[in-house]
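Read off the chains here:
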Amino acid sequence: VQLQACGGGLVQVGDCLRLSCAASERARYAKGWFRQAPGKDREFVAAINWNGGSTDYADSVKGRFTISRDNAESTVTLQMNSLKPEDTAVYYCAAGMGRGPFLRSDLYQYWGQGTLVTVSS
């Protein structure tokens, strides 16, 4: 499975941004988003199960970010609202075999190339 993420960019504090990730196959993998800020480890952001019926979020993004999926189009989306400078990072989408949602990065077998989100104050 190949994943292609897009939608990153430079925004200001309080702005919104929408990331999308397209998969090369229509298999219903669990999907997730992770991010890595400069000098920090990769961290979990949000996850969605195989059919979109269950989601999970990092505490730092709850109430601001929403993950969703369109299985017909094999895409997963991360809607990010009320962005903060600490949201600045490279965001990665991931796909994992199984129902999910998965919070651990080692449960994902496939990763996109990453898209940079910069939130300027």
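The rules we used
Residues numbered from 1 in each chain as written. Predicted model: local features only at pLDDT ≥ 70, side-chain atom pairs only at ≥ 80, totals over all residues. Heavy atoms only, no water. 1 Å grid on protein atoms, 1.4 Å probe; cavity = no way out; pocket = protein on both sides within 12 Å on 5 of 7 lines; lining within 4 Å. Points joined across faces, edges and corners; volume = space filled by probe spheres on them. Nonpolar A, V, L, I, M, F, W, Y, C, P; charged D, E, K, R; others polar. Core = buried A, V, L, I, M, F, W, Y, C linked by side-chain atoms within 4.5 Å. Buried < 20%, exposed > 50% of the residue type's maximum accessible area, 1.4 Å probe, protein only. Helix = DSSP H or I, 4+ residues; strand = E, 2+ residues; numbered from the N terminus. Contact = heavy atoms within 4.5 Å. Polar contact = N/O pair within 3.5 Å; in protein donor to acceptor, adjacent residues only side chain to side chain. Disulfide = S-S within 2.5 Å. Pairing = 2+ DSSP bridges. Axes fitted to C-alpha atoms, helices over the stretch in contact; angles between N-to-C directions.

On to empty space enclosed by the protein. In total, this model carries one cavity of 30 Å³ or more according to the counting rule given. Volume-wise, the largest cavity comes out at about 40 Å³. Taken together, Glu25, Arg26, Ala27, Arg28, Lys31, Arg69, Asn71, Ser74 and Thr75 make up the lining of the largest cavity. Each residue belonging to the lining of the largest cavity can be placed in one class, and the counts come to one nonpolar, three polar and five charged.

Grouped together as the largest cluster of nonpolar side chains are 35 residues, with contacts concentrated most on Trp33, Val45, Phe65, Ile67, Leu78, Met80 and Tyr91. Where this core is concerned, the elements lending two or more residues are strand 1 (3-6), strand 3 (17-23), strand 4 (30-36), strand 5 (43-48), strand 7 (65-70), strand 8 (75-80), strand 9 (89-96) and strand 11 (115-120). Residues within four places of Val45 in sequence aside, it is in contact with Trp33, Phe34, Arg35, Asp56, Tyr57, Ala58, Val61, Phe65, Leu78 and Tyr91.

We now examine the side chain of Arg69. The topology assignment puts Arg69 in strand 7. Of note is the side chain of Arg69, whose polar atom sits 2.7 Å from the backbone oxygen of Tyr29. A polar contact of 3.4 Å, which involves the side chain of Arg69, links it to the backbone oxygen of Trp50. Ignoring sequence-local partners within four residues, the contact set of Arg69 consists of Arg28, Tyr29, Ala30, Lys31, Ile48, Asn49, Trp50, Asn51, Gly52, Thr75 and Val76.

The next subject is the state of the cysteines. One way to say it: the disulfide is the covalent bond shared by the sulfur atoms of two cysteines. Enumeration over the complete set of coordinates arrives at one disulfide. What pairs with Cys21 in a disulfide is Cys93, and their sulfur atoms sit 2.0 Å apart. Across the S-S bond linking Cys21 and Cys93, the dihedral sits near 55 degrees, which makes this disulfide right-handed. Pair noted here: Cys21 is in strand 3 and Cys93 is in strand 9, with a separation of 72 residues, a long-range link. Like Cys93, Cys21 is buried. Between Cys6, a cysteine without a disulfide, and Cys21, which holds the nearest cysteine sulfur, the sulfur-to-sulfur distance is 8.4 Å. Residue classification places Cys6 among the partly exposed residues on the basis of a relative accessible area of 44%.

A few words now on the sheet that holds strand 7. Across the sheet, which stays open at both edges, the four strands sit in the order 1-3-8-7 with antiparallel pairing between neighbours. Since the sheet does not close on itself, it has two edges, and those belong to strand 1 and strand 7, each with one partner. Adjacent strand axes in the sheet meet at a mean angle of 15 degrees, parallel and antiparallel pairs treated alike. As defined by bridge partners, strand 1 adjoins strand 3 across four bridges and the pair is classed as antiparallel. Residue pairing across strands places Ala5 opposite Cys21, the latter belonging to strand 3.

Coordinates in, geometry out; function isn't part of it.
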